[in-house]
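The residues making up each chain are set out below.
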Amino acid sequence: LKVGIDQAIWCPIFMTVFFTYLGLANGDAFNVIGNKIKNDLLPACQGSWKVWIFVHAINFKFIPTKYRLIYINSIQIAFNMFLSMIGSKK
């Protein structure tokens, strides 16, 4: 339930903030940022849904508590590369 709420509510908010920050850091105009969000929000959320629901299911079912943080952080590195590729796409 927690993962579902996280992915349904937090994921779109985070991705919107992520694309907005990238656009502002690059000096993009607000209309460019808006277009980026409109074009890339759904693919980014779909990527998140494909990764994190599965990752968290494994985490809560099979990973011992003391190793959960390193497991999640390891996956997060790869997911951040995915976000960077989407974020840098023109």
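Residues numbered from 1 in each chain as written. Predicted model: local features only at pLDDT ≥ 70, side-chain atom pairs only at ≥ 80, totals over all residues. Heavy atoms only, no water.

Concerning the side chain of Lys 36
Definition in use: Each helix is a run of H or I in the DSSP string that is no shorter than four residues. Each strand is a run of E no shorter than two, and both are numbered from the N terminus. Contacts were defined at the residue level, with two residues in contact if any of their heavy atoms lie within 4.5 Å.
If you trace the backbone, Lys 36 turns up in helix H2 (residues 30-62). When neighbours within four sequence positions are excluded, Lys 36 is seen to be in contact with Phe 19, Leu 41, Ile 86, Gly 87 and Lys 89.

Describing the confidence of the model for the protein chain
To keep it simple, the criterion reads: Confidence of the predictor at the level of single residues is captured by pLDDT, which takes values from 0 to 100.
In this model, the protein chain carries a mean pLDDT of 94, and residues with pLDDT of at least 70 account for 100%. Averaged over each element, pLDDT in the protein chain is lowest for helix H1 (residues 2-25) (93) and highest for H2 (95).

Concerning the side chain of Ser 48
Stated formally: The classification of residues rests on relative accessible area computed with a 1.4 Å probe and restricted to protein chains. Under 20% of the type maximum is buried, over 50% is exposed, and intermediate values are partly exposed. A 3.5 Å cut-off defines polar contacts: any pair of N or O atoms within that distance qualifies, except that in protein one atom must be a possible hydrogen donor and the other a possible acceptor, and neighbouring residues in sequence count only when both atoms are side-chain atoms.
Looking at the element boundaries, Ser 48 is found in helix H2. Exposure remark for Ser 48: the relative accessible area of 3% places this residue in the buried category. Side chain to side chain, Ser 48 and Gln 7 meet in a polar contact 2.7 Å long. When sequence neighbours within four positions are dropped, the list of residues in contact with Ser 48 reads Gln 7, Cys 11, Met 15, Ile 53 and Phe 79.

Some words on the packing of aromatic side chains
Our working definition: Classification of ring pairs rests on two measures: the distance between centres of Phe, Tyr or Trp rings, Trp counted by its six-membered ring, which must be within 6.5 Å, and the angle between planes, read as stacked under 30 degrees, edge-to-face over 60 and tilted in between.
Using the criterion set out here, one finds 5 aromatic pairs in the structure. Measuring from ring centre to ring centre gives 6.4 Å for Trp 10 and Phe 14, while their planes differ by 40 degrees; the resulting arrangement is tilted. Residue Trp 10 and its partner Phe 14 are located together in helix H1, separated by 4 residues, close to a single helical turn. We classify Trp 10 as partly exposed; its relative accessible area is 48%. Here a set of aromatic residues connected by ring pairs shows up, and it is made of Trp 10, Phe 14, Phe 18 and Phe 19.

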